[in-house]
Amino acid sequence: MGIFLLAYLVYSMARWVAVGSVPSATAHAHWIVDLERSTSTNIEANVQQALTGTFVLWILNHLYLAAQLIVVPGALIFLYKRSRTGYERLRNTILATWLISIPVYALYPVAPPRLAGIGMVDTITTETGFSMSSKLTTSFYNELAAVPSLHVGFAVAVGIALAGALRNPVARFVALLWGPAIGLAVVATGNHFVFDIVAGFVVTVAGYVAGNAVDRHLAGGRAWRPVLQVSGGPGAAPA
């Protein structure tokens, strides 16, 4: 818990310091819109319109709010007790992904769809009353840091880690649905473009590779799983 809280504090401070200008972030958002139009992936407005007024959007709003502040730490605590290997891999992935993302936020600020002037709204504010743009809220996060979407990247990582630690096939299937569910949530709520989702997935994969490579190096190349010794008499071989 101490590692997680300290890392999140450092990450939040660094991301706040790296806040870009609104004109620059808006220009980058419009570049993404043009790119998505050219590739026919600009589905954000259609998704939001299709779900507006439905119970599904109510669920997605709350999933978005819970994803980072409740599910990520909850998954780490669960894995710490259930699967130390899964915990270490997820922890390393999150820490490394945070570090990789900070310079991206600083060099390439991007306004989310709800702030890009493209006709999308902040459904979390309109549906739940929780303002994503209030001074209190933005004091904890940088709202011009849409790329990459760590909501989606971490959701995919959490889903895979939990699926690897669960035995029940239904529970494993539900865990694997967590990433796609948050992908839908970030689009429907007006907080991310499809481009952001792809970037979030890519940077999380990079975080997994880099974070676990560094962890193995610092551990002197030891295996992730401890080697168990077989009880026995003289000459007993390790398991």
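From a predicted model like this one, the values you see are computed outputs, not experimental measurements.

Caption draft 1: Examining the overall build of the protein more closely. Summing up its helical and strand segments, the protein has 11 helices and zero strands in all. Secondary structure elements in the protein, listed N-terminal to C-terminal, are α-α-α-α-α-α-α-α-α-α-α. Out of the 239 residues in the protein, the part that is buried amounts to 45%. Considering only contacts in the protein between residues 6 or more positions apart, those separated by 24 or more positions represent 79%.

Caption draft 2: Region of interest: the environment of G153. Topologically, G153 is positioned in helix 8 (residues 150-165). Overall, the relative accessible area of 1% leaves G153 in the buried class. Filtering out sequence-adjacent residues up to four positions away, G153 remains in contact with G200 and T204.

Caption draft 3: Here's a closer look at helix 4 (residues 55-82). Compared with the 40 Å implied by 1.5 Å per residue over 28 residues, the 34 Å span of helix 4 between its first and last C-alpha is markedly short. For helix 4, the principal kink sits at A67 and spans about 65°. When helix 4 is considered as a whole, its buried residues turn out to be L57, L60, N61, Y64, A66, A67, Q68, V72, P73, A75, L76 and L79.

Caption draft 4: Highlighting unusual backbone geometry. Here the residue pair V147 and P148 is connected by a cis peptide bond, since its omega of 0° sits within 30 degrees of zero. With respect to the helices and strands, P148 occurs in the loop between helix 7 (135-138) and helix 8. Within the chain, S40 stands out as a residue other than glycine whose phi angle is a positive 60°. Position of S40 among the secondary structure elements: in the loop between helix 2 (22-38) and helix 3 (44-51). Its relative accessible area of 62% is what places S40 among the exposed residues.

Caption draft 5: Quick peek at the packing of aromatic side chains. Tallied over the full model, the rule gives four aromatic pairs. For the ring pair W31 and F195, a centre distance of 6.1 Å and an interplane angle of 85° mean the geometry is edge-to-face. Separated by 164 residues along the polypeptide, W31 in helix 2 and F195 in helix 11 (residues 194-218) bring together distant segments of the chain. Overall, W31 belongs to the partly exposed group, its relative accessible area being 46%. For F195, a relative accessible area of 26% puts it in the partly exposed group. With a centroid separation of 5.0 Å and an interplanar angle of 85°, the aromatic rings of Y80 and Y87 are classed as edge-to-face. Sitting over the face of the ring of Y80, R84 holds its NZ or CZ atom 4.1 Å from the ring centroid.

Caption draft 6: Quick peek at the confidence of the model for the protein. On average, residues of the protein carry a pLDDT of 85, and 82% of them reach 70 or more. Confidence, read as mean pLDDT per element, is least for helix 7 in the protein (48) and greatest for helix 10 (residues 178-188) (97). Of the regions scoring below 50 in pLDDT, residues 226-239 engages in eight contacts with residues more than four places distant in sequence or in other chains.

Caption draft 7: Seen up close, helix 11. If you check helix 11, its first and last C-alpha atoms are 36 Å apart, about what 25 residues at 1.5 Å a residue would give, namely 36 Å. Taken together, the buried positions of helix 11 are D196, I197, A199, G200, V203, T204, G207, G211, N212 and D215. In this fold, the buried residues of helix 11 make contact with helix 2, helix 5 (84-107), helix 8 and helix 10.

Caption draft 8: Inspection of the packing of helix 5 against helix 11 at higher detail. It is the contact of helix 5 with helix 11, at a shortest axis distance of 7 Å, that shows an interaxial angle of 115°. Remark: the crossing between helix 5 and helix 11 carries right-handed chirality. Side by side, helix 5 and helix 11 meet where E88, R89, R91, N92, T93, A96, T97, I100 and S101 of the first sit next to V203, T204, A206, G207, Y208, G211, N212 and D215 of the second. Grouping the constituent residues of the contact of helix 5 with helix 11 by class yields five nonpolar, eight polar and four charged.

Calculation rules
Residues numbered from 1 in each chain as written. Predicted model: local features only at pLDDT ≥ 70, side-chain atom pairs only at ≥ 80, totals over all residues. Heavy atoms only, no water. Helix = DSSP H or I, 4+ residues; strand = E, 2+ residues; numbered from the N terminus. Buried < 20%, exposed > 50% of the residue type's maximum accessible area, 1.4 Å probe, protein only. Contact = heavy atoms within 4.5 Å. Expected span 1.5 Å × (residues − 1). Bend = angle between axes of the 7 residues up to and from the residue. Phe/Tyr/Trp six-rings, centres within 6.5 Å; stacked < 30°, edge-to-face > 60°. Lys NZ or Arg CZ within 6 Å of the ring centre and 35° of its normal. pLDDT = per-residue confidence, 0-100. Axes fitted to C-alpha atoms, helices over the stretch in contact; angles between N-to-C directions. Left-handed = near helix turned anticlockwise from the far one by under 90°. Nonpolar A, V, L, I, M, F, W, Y, C, P; charged D, E, K, R; others polar.

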